[in-house]
Amino acid sequence: MKIYFIGICGTATGNVAVLMKKLGHEVAGSDSGMYEPMKGVLSGSGIDAKEGWSPERLDAFAPDLVVVGNSVSRMNPELEFVLAGQKYPYDSLPSLIGEKIIGKRESLVVSGTHGKTTTTSIAAYLLRSNGVDAGWLIGGVPRDLPEGGSNLGSPDAPFVIEGDEYDSAFFDKRSKFLHYRPRVLVINNIEFDHADIFRDLEDVKRTFTHVRRIVSPRGTIIENSDDKNVSSLENTPWVPRATVGTSDLSYLKISDFSESPSGSKFSLSCLGKTKMVETRLCGLFNARNIAMAVAGVGKILGLENPLDLDLSSIGNFVGVRRRQEVILDTPDFVAVEDFAHHPTALSLTIRSLKNKYPGYKIFACFEPRSNTAKRKVLQNDFAKALSEADSAFVGAVNAPKLDKDSKMDTFAMASLYPDKIRAYKTNEDLLHDLISKVEPKTVCAFFSNGSFDSIHKKFTAIFSNKSKTNS
């Protein structure tokens, strides 16, 4: 089968293209920008991926199927060619994943507003360390899986996938996870997000209700019992549910949590059995990510008790790129890159950094980049979360298509906490002021789901040299 991907250089699209190549299909594609690391991944897999749109090139390839990436919309030259000619069938990426990659395999689908990438990576890592040749598809770059963000695994082994609630394609506004045929569904948490496609929290909860309705009756739904929005979803008499949380009533209970500069530790208890877990990851939210992964892996393997798994490897798990990733670590200056782009994620990470680095000031640098963060809808919540840092620096909002009434006003946001938050017209202005204010014993956390104009890299280079000079 010949498959052409429009928008091939996205993390998910590129990884799926690699998997389809491994399945024996002939794969090609295009994108408006070919960026690392996916550019190198595609090239290393022998995939013909070109920069720029060319209907002629697509036509010369003569695909049996055109896969339209989530970022591709009408007026794209290749898409318009496909729609006008009706010569080549097209489909969404999530549909292709469900049909051709998951198929009849037992799927563990990890969903939730926060923590999907980390939890999916932990689940894949646990399966591997317990001798299971699982497949996986992860929307990030796991640092502990040599195969990277995608792996086919054995056809008769489970497949672990990050279940995103975002829409599938320009022509399919259903959430991606509705295509993934869950045998075991993990719901880690639910909050209002993706303001460009969901009206409000109830609209978000509705799509999670829909995915619960398609879980196999032979499967399980794993729920975060500490999250009131998850707990408020409808009952599911057609499929068993198991809870994870800090309550004594939880199926898998988290207790005795503590953290230090080297990581955290906690106890997991289930059906009369208890195990102590030590991890390099910090924050109670990461303890919950681990517990969710343990419960999900236990259920997908059909274990009566998930604590029958060997959990010793968790202590070696480093994490995922851009999730509390330390990019500069000196006695005086620390820099952390994090993907957080929601108020809750910002707040939890800032608190975790305070616990991990006692005696250090925490500076939070935030780029409003996601479709929710660009809007005013959570502006006050972002301000409150950022105010938990010792100082916060807010960069430019790149949203030319949003009108003034909808677009986040970073200067108005900063005015809510004038002693804590500063806003800037450009990211370069932010970096210049940040450099002037950083003193020894400071942690600078850079929060963005985009490039942040690479100011975190520039900061790291400057203060790495300063540290060498001071020593």
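Shown above is the structure to which this text applies.
A few points on the structure. Every chain is numbered on its own, with residues counted from 1 as its sequence reads. Where totals are concerned, whole chains, interfaces and linings use all residues; where local detail is concerned, this predicted model gives features only for residues with pLDDT of at least 70, and gives and counts side-chain atom pairs only at 80 or more. No hydrogens and no water enter the side-chain calculation; it runs on all heavy atoms of the structure.

1. Concerning the overall build of the chain
Selection criterion: Helix and strand assignments follow DSSP, with helices taken as H or I runs no shorter than four residues and strands as E runs no shorter than two, numbered in order from the N terminus. To get the radius of gyration, use the C-alpha atoms; to get the globule rule, take the number of residues to the power 0.38 and multiply by 2.2 Å. Burial status follows relative accessibility: with a 1.4 Å probe on protein chains alone, a residue under 20% of its type maximum counts as buried, one over 50% as exposed, and anything between as partly exposed. Here, residues are in contact when the closest pair of their heavy atoms is within 4.5 Å. Working definition of accessibility: Shrake-Rupley area with a 1.4 Å probe, residue cover restricted to the visible protein chains. Residues scored as charged are limited to Lys and Arg (positive) and Asp and Glu (negative), so that His and the chain ends carry no count. Note that the charge is assigned to NZ on lysines, CZ on arginines, CG on aspartates and CD on glutamates.
Of regular secondary structure, the chain possesses 14 helices and 23 strands. Relative to the globule expectation of 23 Å for 471 residues, the C-alpha radius of gyration of the chain, 22 Å, shows essentially globular dimensions. Across its three principal directions, the C-alpha atoms of the chain cover 60 × 60 × 45 Å. Looking at the chain as a whole, 56% of its 471 residues qualify as buried. In the chain, 67% of the contacts between residues at least 6 apart in sequence involve partners at least 24 apart. Just so you have it, the chain exposes about 19600 Å², and 48% of that area is on carbon and sulfur atoms. Across the chain, 58 positive and 57 negative side-chain charges occur, with their mean positions spaced 0 Å apart.

2. Topic: the pairing of strand β16 (residues 263-270)
Stated formally: Two strands form a pair only when DSSP identifies at least two bridges running between them.
With six of eight residues buried, β16 lies mostly within the body of the structure. In this sheet, β16 lies alongside strand β15 (residues 252-260) in antiparallel orientation, the contact comprising six bridges. The residue bridging K253 from the neighbouring strand is S269, located in β16. Taken together, β15 and the strand that follows it, β16, pair antiparallel across an intervening segment of two residues. Direction of pairing for β16 relative to strand β17 (residues 273-279): antiparallel, over a ladder of seven bridges.

3. What to know about the packing of helix α10 (residues 343-356) against helix α11 (residues 379-386)
As a reminder of what qualifies: The axes are straight lines fitted to the C-alpha atoms, using for helices just the contacting stretch, and the angles between their N-to-C directions are given from 0 to 180°. Throughout, the term roughly parallel applies to angles under 35 degrees, roughly antiparallel to angles over 145, roughly perpendicular to angles from 65 to 115, and oblique to all others.
In contact at an axis separation of 8 Å, α10 and α11 are set at 5° when each is read in the N-to-C sense. Taken as axis vectors, α10 and α11 run roughly parallel relative to one another. Taking contact as the criterion, the partners of P343, L346, S347 and I350 in α10 are, on α11, D381, F382, A385 and L386.

4. Some thoughts on the sheet that holds strand β20 (residues 361-366)
Strand pairing in a sheet is mediated by backbone hydrogen bonds. Such pairs are either parallel or antiparallel. Sheet architecture is open: six strands sit in the order β18-β19-β23-β20-β21-β22, paired in mixed fashion. Strands at the two margins of the open sheet, each flanked by one partner only, are β18 (325-329) and β22 (421-423). Averaged over neighbouring strand pairs, the angle between their axes works out to 20° when direction is ignored. Examined bridge by bridge, β20 and strand β23 (residues 442-447) share six bridges and lie parallel to one another. The residue bridging K361 from the neighbouring strand is T442, located in β23. Along the sheet face, α11 touches β20, β21 (391-394) and β22 and points at about 155° away from the line of β20.

5. A look at the sheet that holds strand β5 (residues 90-92)
Spatially, β3-β2-β1-β4-β5 is the arrangement adopted by the five strands of the open sheet, whose pairing is parallel. Where the open sheet ends on each side, the last strands, each with one partner, are β3 (48-51) and β5. Neighbouring strand axes in the sheet, compared pairwise and without regard to direction, differ in orientation by 20° on average. Alignment of strand β1 (residues 2-6) against strand β4 (residues 65-68), held across four bridges, turns out to be parallel.

6. Notes on the pattern of salt bridges
Just so we agree on the cut-off: The salt bridge definition used is simple: a Lys or Arg side-chain nitrogen within 4 Å of an Asp or Glu carboxyl oxygen.
Summed over the entire model, instances satisfying the criterion amount to 22 salt bridges. Note that R181 and E99 form a salt bridge whose closest N and O atoms lie 3.1 Å from each other. Taken together, the positions of R181 in the loop between β11 (172-175) and β12 (184-187) and E99 in helix α5 (residues 93-102) put the pair 82 residues apart, joining distant regions of the chain. On the basis of relative accessibility, which here comes to 38%, the residue R181 falls in the partly exposed class. The salt bridge partner of R213 is E234, with a shortest N-O separation of 2.9 Å. Remark: E234 occurs in the loop between α8 (228-231) and β14 (241-245) and R213 occurs in the loop between α7 (201-212) and β13 (220-224); sequence separation between them is 21 residues. On the basis of relative accessibility, which here comes to 48%, the residue R213 falls in the partly exposed class.

7. Focus: the packing of aromatic side chains
Short version of the rule: Stacked, tilted and edge-to-face are the three classes assigned to paired rings of Phe, Tyr and Trp, where Trp is represented by its six-membered ring and a pair needs centres within 6.5 Å; plane angles under 30 degrees give stacked, over 60 edge-to-face, the rest tilted. We call a charge positioned over a ring when the NZ of a Lys or the CZ of an Arg lies within 6 Å of the ring centre and within 35 degrees of the ring normal.
Going through the model one piece at a time under the given rule, you end up with 13 aromatic pairs. Between F170 and F171, the ring centres sit 5.0 Å apart and the planes meet at 80°, which makes this aromatic pair edge-to-face. Among the residues examined, F171 registers a relative accessible area of 35% and is labelled partly exposed. Each member of the aromatic cluster is reached from another via a ring pair, and the members are F333, F446, F452, F459 and F463. The aromatic ring of F61 is capped on one face by K2, whose charged end is 4.7 Å from the ring centroid.

8. Some words on helix α4 (residues 77-85)
For clarity, the cut-off: Arc, as used here, means the arc of the directions from the helix axis to the C-beta atoms. For the purposes of these results, a polar contact is taken to be a pair of N or O atoms within 3.5 Å, where, inside protein, one atom must be able to donate a hydrogen and its partner to accept one; residues adjacent in sequence count only when each atom of the pair is a side-chain atom.
Of the residues making up α4, those classed as buried are E78, L79 and V82. Taken around the axis of α4, the buried residues stretch over an arc of 100°, which confines them to a single face. Of the surrounding secondary structure, the elements contacted by the buried residues of α4 are β1, β2 (26-31), α3 (55-61), β4 and β5. In this structure N76 caps α4, since a side-chain oxygen of it lies 2.9 Å from the backbone nitrogen of E78. Directly beyond the C-terminal end of α4, a positive phi value near 50° is found at Q86.

9. So, the side chain of T13
In this fold, T13 is placed in helix α1 (residues 11-22). Leave out the neighbours within four places in its chain, and T13 touches F5, G7, I8, G69 and L93.

10. Focus on the nonpolar core
Nonpolar side chains in soluble globular proteins tend to end up buried together. Selection rule: To form a nonpolar core, buried Ala, Val, Leu, Ile, Met, Phe, Trp, Tyr and Cys residues must be joined to one another through side-chain atoms within 4.5 Å.
Ranked by internal contacts, the top residues of the largest apolar core, which has 74 residues, are F5, V16, I97 and L386. Residues contacting F5, with those up to four places away along its chain left out, are T13, V16, A17, M20, V27, A28, G29, S30, V67, L93 and L96. Within the second largest apolar cluster, 42 residues are counted, among which are V244, L268, A291 and A293.

From the geometry alone we can't say anything about function, so treat these as descriptive.
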